[in-house]
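Below are the chains, spelled out letter by letter.
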Amino acid sequence: MKQSINRLTARFVGTLCVAAFVCSSLSATVAQAGEGPGRLHLPAKGKSQGKIVLVAGDEEYRTEESMPMLGKILSQKHGFDCTVIFSMSADGKYIDPNNQEGIVAWDELDDADLMLIGTRFRRPNEEDSKHITSFINAGKPVIGIRTATHAFTGGGKFGGTLGHGQFGRQILGEQWVAHHGGHKRQGARGVVVEDQASHPILNSVSDVFAPSDVYTVRNLTDKDEVLLLGAVTETLDPKSKIIDDKKNDPMQALAWVHPYTAPNGTEGKSFCTTAGASVDLVSEDLRRMLVNATYYLLDKDVPEKADVAFVDAFYPTFYGFIREKDHYKNLDMQPEKYGLGKTPSSDDPPGTPEWNFRARP
């Protein structure tokens, strides 16, 4: 139960057309194809291994950047057919992460094999909720990153007694609890749980560092397989030392596999990590862990060392809320601007600490 976990130690309506792309072995060529508003289709290179829907939509951790990047890796390097769906403005004209009711194209889940979600306090309407409910009622696998523990909010339900606000705890194993490390001051280093070192999700995963701080995790049970613990580090430097005090005694779970029960009683499985800010994904092994989890949850052989090199340059924005009125309207970011062969960038939000451990344009 909870105590046994605590005892563990050392361990994104857009334009009517969006770009679809076909990538040859030498270069990417661009062709226009109607894909529907508010979504980006990243077709599999070669024969498709299955369809993944990546859901972007959070105010703080820049999933509008990270989900297209991960979709490129999964589609171009691993053969999955990927669609990213975004949080759009109320008028549907641009990506607006601050619009909690803005995620469109939930119907993409209807024929999806896996959902990778990183949303924060989203409010799907009744019709949109039906697509999510149908997906989890089929027992299909879910990968959650960072704020997916509090992916939804509001009074709606996903069927039965599963309310929007209960998605994190019941489907991923945990809900929003608290920040455990110092926000924007202390990072998180992944520590492999000793008896999980040979788990396929950890194939060639040994050096995970996230400049987003460690979350408090207290609702996992003995049914959850904790793979990584999150050690609080002194600073945001990837080479920072682990602090030697009670913050790391015990260390909090950072990544785990969770067996879930859908509203209709169907059993499914999920993987969750409380790391996942776009700057966290500078970490090659964090990207590799998410790719490994995709293979694992889809019952495919996990590569010994999955190729997770960026398909296009990746310029992640540091995490933080952006409350400036019309910021996203003026930015005018469209889903297709994150397509193959494209690398958008944005200024860091106010109050960002100096963090020079990423590529910038």
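A short tour of the structure in this document, coming up. (Residues numbered from 1 in each chain as written. Predicted model: local features only at pLDDT ≥ 70, side-chain atom pairs only at ≥ 80, totals over all residues. Heavy atoms only, no water.)

Notes on the nonpolar core
Soluble globular proteins tend to pack their nonpolar side chains together in the buried interior.
Phase 1 of the analysis: Membership of the largest hydrophobic core comes to 52 residues, with the highest contact counts inside it found for L54, F271 and M289.
Phase 2 of the analysis: If you tally residues by element for this core, the top one is helix α5 (residues 284-297), at seven residues.
Phase 3 of the analysis: Grouped together as the second largest cluster of nonpolar side chains are 35 residues, A112, L162, L229 and Y260 included. (Core = buried A, V, L, I, M, F, W, Y, C linked by side-chain atoms within 4.5 Å. Buried < 20%, exposed > 50% of the residue type's maximum accessible area, 1.4 Å probe, protein only. Helix = DSSP H or I, 4+ residues; strand = E, 2+ residues; numbered from the N terminus.)

Quick look at the environment of W355
Phase 1 of the analysis: Structurally, the position occupied by W355 is in the segment after α6 (327-331).
Phase 2 of the analysis: A relative accessible area of 4% places W355 in the buried class.
Phase 3 of the analysis: For W355 and V279, which are 76 residues apart along the polypeptide, the C-alpha to C-alpha distance reads 9.5 Å.
Phase 4 of the analysis: Leaving out residues up to four positions away in the same chain, W355 has contacts with P211, L236, P238, V279, V282 and F318.
Phase 5 of the analysis: Polar side-chain contacts of W355 include one of 2.8 Å to the backbone oxygen of L236. (Contact = heavy atoms within 4.5 Å. Polar contact = N/O pair within 3.5 Å; in protein donor to acceptor, adjacent residues only side chain to side chain.)

Observations regarding helix α3 (residues 126-137)
Phase 1 of the analysis: The terminal C-alpha atoms of α3 lie 16 Å apart, and with 12 residues this matches the ideal 16 Å at 1.5 Å per residue to within 8%.
Phase 2 of the analysis: For α3, the set of buried residues is D128, S129, H131, I132, T133, F135, I136 and N137.
Phase 3 of the analysis: On its buried face, α3 sits against β6 (114-117), β7 (142-145), α4 (167-172) and β11 (252-261).
Phase 4 of the analysis: Taking the backbone nitrogen of E127 as reference, a side-chain oxygen 3.1 Å away marks N125 as the first, capping residue of α3.
Phase 5 of the analysis: Phi for G139, located one or two positions after α3, is positive at around 70°. (Expected span 1.5 Å × (residues − 1).)

Looking at unusual backbone geometry
Phase 1 of the analysis: Cis geometry marks the peptide bond from D249 to P250, where omega comes out at 5°.
Phase 2 of the analysis: In this model, R62 sits at a positive phi of 65°, which is unusual for a non-glycine residue.
Phase 3 of the analysis: By the element assignment, R62 lies in the loop between β4 (51-55) and α2 (63-77).
Phase 4 of the analysis: Overall, the relative accessible area of 2% leaves R62 in the buried class.
Phase 5 of the analysis: A positive phi angle is found at D332, which is not glycine, with a value near 50°.
Phase 6 of the analysis: Within the secondary structure layout, D332 lies in the segment after α6.

Let's talk about the pattern of salt bridges
Phase 1 of the analysis: For the coordinates displayed, the defined rule picks out 14 salt bridges.
Phase 2 of the analysis: Salt-bridge contacts for E108 lead to K51; the nearest nitrogen and oxygen are separated by 2.6 Å. Taken together, the residues E108 in the loop between β5 (81-85) and β6 and K51 in strand β4 connect sequence positions 57 residues apart.
Phase 3 of the analysis: Among the residues examined, E108 registers a relative accessible area of 12% and is labelled buried.
Phase 4 of the analysis: The closest approach of N and O atoms between R288 and E284, which form a salt bridge, is 2.7 Å. (Salt bridge = Lys/Arg side-chain N within 4 Å of Asp/Glu carboxyl O.)

Things to note about the sheet that holds strand β12 (residues 267-273)
Phase 1 of the analysis: Here 10 strands make up an open sheet; going across it, the order is β3-β5-β4-β6-β7-β12-β11-β10-β8-β9 and the pairing mixed. This sheet does not close on itself; its edge strands, each paired only once, are β3 (39-42) and β9 (209-210).
Phase 2 of the analysis: The pairing of strand β8 (residues 188-192) with strand β10 (residues 225-232) spans five bridges and is classified as antiparallel. Bridging from a neighbouring strand, G190 pairs with G230 of β10.
Phase 3 of the analysis: Here α5 sits on the sheet and contacts β4, β6, β7, β10, β11 and β12; the angle it forms with β12, its principal contact strand, is near 175°. (Pairing = 2+ DSSP bridges. Axes fitted to C-alpha atoms, helices over the stretch in contact; angles between N-to-C directions.)

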